[in-house]
Amino acid sequence: MVYLLILILLIVCITFFFTFKKIYIRTSTMAIVMALGIVTQGVLLNYFGIQFFQHIFGKILCIINLTLWFGFILSFFIASLDGKFKDIHYSNVINRFGIGTWVAGTSISGILFYKQFSHWGFISVIIAFINIVLWIIYIGISVKTFIEISRTKSFQNVHGILLLTTVSTQSVVLLLNTVIKNFPDILNLSLLITGFCFYLVCVFFILSRYIKNSWSIEMDWNNTNCILHGALSISGVASIFTGVISLDLIRVIWRTALITFIAVETIELYRLFRRIKHYGFKEAIFVYDVTQWSRVFTFAMFYTFTSLIHTHLLIESFVIDTILKMGVWVVILLLMVELMLSLRDTIKTFKQSSRQLNKVNSNYFHS
């Protein structure tokens, strides 16, 4: 009960803060909730065990994540009430796909709430049904946008953000199977197939961009392309949880995710080398962008998928053992770096806002 009261208090505080400051966040900012959620519920839980998750540190991480989720949702409503929603979240064709982070972020938040506050599980059920409506709206927007991109042949700007169609779909599967007992297999299978179909469509669009257009790895390879393996990983996790996919097919999904992980991250390492050479060490690495959270999410999701492959399917190998022993520290390191960069960027933004406000006030009193 104490932790629930803390959560309510933090939600009240963040409500006043976001409302007073009129904070409009970027569309994909909910990726922070996705990343923190899967690190807590997937990586740390599987590595340190249920004792960690139920201990004070695990509960605090969940409460922070749920508070951020509520604050971000509130920001979207504030933007709507102020008439800025369309300009911020919809006008840019590719940016629309970022709404998928709202679905996935809500899914992981619903799961965290259900796991931590089981006596209030009905709230997670309500969240699940609201999320289904949000997912349906998002898929409608995405299909419309896919058709628009295909009709206009405007593949030059597409990137891994499109794969949030798959991530959001499989996240809904995980949420529904967590909060609803004996969720129908036919619906599980339908949603899983839908997610896989979106994956194939997105890969086609992304490959079309890089094959048919000239591009440079420093400027045109997007952070979100790591979702190429992250979407496979969450699909594999959803397949294990539902139990409607054969074990042999799940093994194929994991091997495909592993190969894709190696291929994409090899490109990322080469891109890093080129960016350091082109921009210098500081500008190449220590510059914050919200899309970088997709890397934390995808690494954590691949680790979670590998952990479930090991424990549920009893598969052991040198590769899996290495991933499980070293992967957790890689994910924690990525998370720490991203938290540091985001905190620095937030402080910088507030300082700039304060200077602008002081300048406006100064001009007002001297006019």
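None of the values given here were measured: they were computed from a predicted structure.

**Side note on the overall build of the protein**
Scanning the protein for helices and strands turns up 15 helices and zero strands. Over its C-alpha atoms the protein spans a radius of gyration of 21 Å, differing by no more than 12% from the 21 Å that the globule rule assigns to 367 residues. Reported as C-alpha extents along the three principal axes, the dimensions of the protein are approximately 75 × 55 × 40 Å. Looking at the protein as a whole, 50% of its 367 residues qualify as buried. Here the contacts in the protein between residues at least 6 apart in sequence split such that 84% fall between residues at least 24 apart. If you sum the accessible surface of the protein, you get close to 18500 Å²; carbon and sulfur atoms cover 70% of it. Side chains of the protein carry 28 positive and 15 negative charges; the gap between the two charge centres is 6 Å.

**Observations concerning the packing of helix α6 (residues 100-116) against helix α7 (residues 121-152)**
Two numbers describe how α6 lies on α7: the axes approach to 9 Å, and their chain directions differ by 170 degrees. In terms of orientation, α6 lies roughly antiparallel with respect to α7. Taken as a pair, α6 and α7 cross one another with a handedness that is left-handed. Between α6 and α7, the contacting residues are Gly100, Trp102, Val103, Thr106, Ser107, Gly110, Phe113 and Tyr114 on the first element and Gly121, Ile123, Ser124, Ile127, Asn131, Leu134, Trp135 and Tyr138 on the second. A breakdown of the residues in the contact of α6 with α7 according to their chemical character gives nine nonpolar, seven polar and no charged.

**Examining a nonpolar patch on the surface**
Side chains of Leu5, Ile8, Val12 and Phe16 sit close together on the surface and give an oily, nonpolar patch of about 400 Å² of accessible area. Inspection of the secondary structure puts Val12 in helix α1 (residues 2-21).

**Details of the nonpolar core**
The biggest cluster of nonpolar side chains holds 102 residues, and the ones touching the most others in it are Leu162, Val167, Trp293 and Phe305. Excluding residues that lie within four positions of it along the chain, Phe305 makes contacts with Leu232, Ser233, Gly236, Val237, Ile240, Ile250, Ile253, Trp254 and Ala257. Judged by nonpolar contacts, the second largest core, of seven residues, contains Leu4, Leu7, Ile63 and Leu66.

The rules behind the values
Residues numbered from 1 in each chain as written. Predicted model: local features only at pLDDT ≥ 70, side-chain atom pairs only at ≥ 80, totals over all residues. Heavy atoms only, no water. Helix = DSSP H or I, 4+ residues; strand = E, 2+ residues; numbered from the N terminus. Rg over C-alpha atoms; globule rule 2.2 N^0.38 Å. Buried < 20%, exposed > 50% of the residue type's maximum accessible area, 1.4 Å probe, protein only. Contact = heavy atoms within 4.5 Å. Areas by Shrake-Rupley, 256 points an atom, 1.4 Å probe, with all protein chains shown as cover. Lys, Arg positive; Asp, Glu negative; His and termini not counted. Charge placed at Lys NZ, Arg CZ, Asp CG, Glu CD. Axes fitted to C-alpha atoms, helices over the stretch in contact; angles between N-to-C directions. Parallel < 35°, antiparallel > 145°, perpendicular 65-115°, else oblique. Left-handed = near helix turned anticlockwise from the far one by under 90°. Nonpolar A, V, L, I, M, F, W, Y, C, P; charged D, E, K, R; others polar. Patch = residues over 30% accessible without salt bridge, like charges linked within 9 Å, V, L, I, M, F, W, Y side chains within 5 Å. Salt bridge = Lys/Arg side-chain N within 4 Å of Asp/Glu carboxyl O. Core = buried A, V, L, I, M, F, W, Y, C linked by side-chain atoms within 4.5 Å.

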